[in-house]
Amino acid sequence: MGSNTVAELRHIHKVYGSGDTEVRAVNDLNLTVEAGDYIAVMGASGSGKSTAMNILGCLDRPSSGSYLLQGQQVDGLSDDALAILRNRCLGFVFQQFHLLGHLSAQENVELPMVYANVPAEERQQRAVEALQRVGLGQRLRNKPNQLSGGQQQRVAIARAIINRPALLLADEPTGALDSETTADVLEIIDQLNGDGMTVVLVTHEHDVAERAKQRVLFRDGRIAN
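Notes on the structure follow. (Residues numbered from 1 in each chain as written. Predicted model: local features only at pLDDT ≥ 70, side-chain atom pairs only at ≥ 80, totals over all residues. Heavy atoms only, no water.)

**What to know about the packing of aromatic side chains**
Thinking step 1. The final tally for this structure, using the stated rule, is one aromatic pair.
Thinking step 2. Where Phe92 meets Phe94, the ring centres are 5.9 Å apart and the plane angle is 0°; that geometry is what we call stacked.
Thinking step 3. For Phe92, a relative accessible area of 18% translates into the label buried.
Thinking step 4. Under the relative-accessibility criterion, Phe94 is labelled partly exposed at 28%. (Phe/Tyr/Trp six-rings, centres within 6.5 Å; stacked < 30°, edge-to-face > 60°. Buried < 20%, exposed > 50% of the residue type's maximum accessible area, 1.4 Å probe, protein only.)

Here it is in structure tokens:
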């Protein structure tokens, strides 16, 4: 594993069920993500890309193989240790925004820092800066139902980057947005990558994938190209 390697999946298998009902969601997958990469992951439904993303994001464990995240062996960690690693090293943006409806934009962005025991004053300052960075400096107090879909996704991006993650994982981040809003959100992701953030993005859409520096196609639980 090189000094600039953020994540490395080696001979990863993920098997669900057994016998006649066995499904190999990921089958001998190898993937290396270097610092500063912007990788678009494509593939048909059932090709294994979402399972691979869940393993990269420490949301699911492989059946076999090894996963190194920033040089740390992930496979054997306890659930608690995995949660700490997720909070410290990973940022997530999903198709559905997963914002808490009773919290303001700023409070939603502060949440990961609460779990990371960041002091209140610093939390507030960093949350405001992150929301300004995604163009929502005027919307700090708004609840999610007072924001458009594109604005909610920008809050979700601000929340994802708040702990300065080593790796930003975006799973169909524009799937619920119209084309104009999609362009706005992708512009933010482009800028984050331009500033040095490492990004892995899953998409069905070729025009979204075109923005990435590298594209990988999943087929039958592994990378086809």
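On we go from here.
**Topic: the packing of helix α3 (residues 105-115) against helix α5 (residues 149-161)**
Thinking step 1. Their axes nearest at 7 Å, the elements α3 and α5 cross at an angle of 30°. As the angle between them shows, α3 and α5 are arranged roughly parallel. Pair α3 / α5 crosses with right-handed handedness. Of the residues in α5, those touching α3 at Ala105, Asn108, Val109 and Pro112 are Val155, Ala158 and Arg159. (Axes fitted to C-alpha atoms, helices over the stretch in contact; angles between N-to-C directions. Helix = DSSP H or I, 4+ residues; strand = E, 2+ residues; numbered from the N terminus. Parallel < 35°, antiparallel > 145°, perpendicular 65-115°, else oblique. Left-handed = near helix turned anticlockwise from the far one by under 90°. Contact = heavy atoms within 4.5 Å.)

**A closer look at the packing of α3 against helix α4 (residues 120-133)**
Thinking step 1. Put simply, α3 and α4 touch, their axes get as near as 9 Å, and they point 125° apart. With respect to α4, the axis of α3 lies oblique. Note that α3 runs across α4; the crossing there is right-handed. Counted together, Ala105, Gln106, Val109, Glu110, Met113 and Val114 of α3 and Arg123, Gln124, Arg126, Ala127, Val128, Ala130 and Leu131 of α4 form the full contact between these two elements.
Thinking step 2. Across the contact of α3 with α4, the residue classes tally to eight nonpolar, two polar and three charged. (Nonpolar A, V, L, I, M, F, W, Y, C, P; charged D, E, K, R; others polar.)

**Description of the state of the cysteines**
Thinking step 1. Per the counting criterion, the structure on display carries zero disulfides.
Thinking step 2. Free cysteine: Cys58, not disulfide-bonded; nearest cysteine sulfur from Cys89 at 8.1 Å.
Thinking step 3. Classification of Cys58 by relative accessible area gives buried; the value is 3%. (Disulfide = S-S within 2.5 Å.)

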